[in-house]
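What the coordinates show
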Amino acid sequence: MGAGFVVGVLGVLILSHAAYSTIQYRSLLKITDEQFSGPPINVVMELIAGLVLCMWAALTVPGNFLSILPHSDENRVVALPSNLDFMIFNHRGKAFPLSIDAK
């Protein structure tokens, strides 16, 4: 488990605590017959902190971004997939000419 994963779990726990605090605050308002105008500021701060931690973990845990350039050596197909049932070679594309003369 890396640090990013631990930060993500901590962010989810903070978000869960903020949700529980909001539910508890609303039940307190029902008992005192007051209107719910919004969550308290400490819950809003918890939501922002949990969101930032979860976003940071979501961007760091998966790893580095890979190149999507079409001529990159990293994008070369080295083997066909093991399931060849969905590969279609007989399609309408054969009706088009093989070479297009662009001037």
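See the structure printed just above.
On a predicted model such as this, the values are computed, not experimentally measured, just so you know.

1. Looking at the overall build of the protein
Along its length, the protein carries two helices and zero strands. With an accessible surface of roughly 9400 Å², the protein has 67% of that area assigned to carbon and sulfur atoms.

2. A short note on unusual backbone geometry
Within the chain, Asp 33 stands out as a residue other than glycine whose phi angle is a positive 55°. With respect to the secondary-structure elements, Asp 33 resides in the loop between α1 (3–31) and α2 (41–60).

3. Quick word on the packing of α1 against α2
Following both chains from N to C, one finds α1 and α2 inclined at 155°, their axes separated by 8 Å at the closest point. Between α1 and α2, the angle falls in the class roughly antiparallel. Taken as a pair, α1 and α2 cross one another with a handedness that is left-handed. When its residues are assigned to classes, the contact of α1 with α2 shows 14 nonpolar, eight polar and one charged.

4. Digging into a nonpolar patch on the surface
On the surface, Phe 5, Val 6, Val 9, Leu 13 and Val 61 cluster together into a nonpolar patch covering about 430 Å² of accessible area. Locating Val 9 in the fold gives a position in helix α1. Residue class for Val 9 comes out partly exposed when judged on its relative accessible area of 37%.

5. A short note on the environment of Val 7
Considering the arrangement of structural elements, one finds Val 7 in helix α1. Here the alpha-carbon distance between Val 7 and Cys 54, two residues 47 residues apart in the chain, equals 7.2 Å. Excluding its chain neighbours within four sequence positions, the residues that come into contact with Val 7 are Leu 53, Trp 56 and Ala 57.

6. Overview of α1
Between its first and last C-alpha, α1 extends 42 Å over 29 residues, near the 42 Å set by a 1.5 Å rise per residue. All buried positions along α1 are accounted for by Gly 4, Val 7, Gly 8, Gly 11, Ala 18, Ser 21, Thr 22 and Leu 29. On the buried face of α1, the contacting elements are α2. Note on α1: the residue one or two positions beyond its end, Asp 33, has a positive phi of about 55°.

Calculation rules
Residues numbered from 1 in each chain as written. Predicted model: local features only at pLDDT ≥ 70, side-chain atom pairs only at ≥ 80, totals over all residues. Heavy atoms only, no water. Helix = DSSP H or I, 4+ residues; strand = E, 2+ residues; numbered from the N terminus. Areas by Shrake-Rupley, 256 points an atom, 1.4 Å probe, with all protein chains shown as cover. Axes fitted to C-alpha atoms, helices over the stretch in contact; angles between N-to-C directions. Parallel < 35°, antiparallel > 145°, perpendicular 65-115°, else oblique. Left-handed = near helix turned anticlockwise from the far one by under 90°. Nonpolar A, V, L, I, M, F, W, Y, C, P; charged D, E, K, R; others polar. Patch = residues over 30% accessible without salt bridge, like charges linked within 9 Å, V, L, I, M, F, W, Y side chains within 5 Å. Salt bridge = Lys/Arg side-chain N within 4 Å of Asp/Glu carboxyl O. Buried < 20%, exposed > 50% of the residue type's maximum accessible area, 1.4 Å probe, protein only. Contact = heavy atoms within 4.5 Å. Expected span 1.5 Å × (residues − 1).

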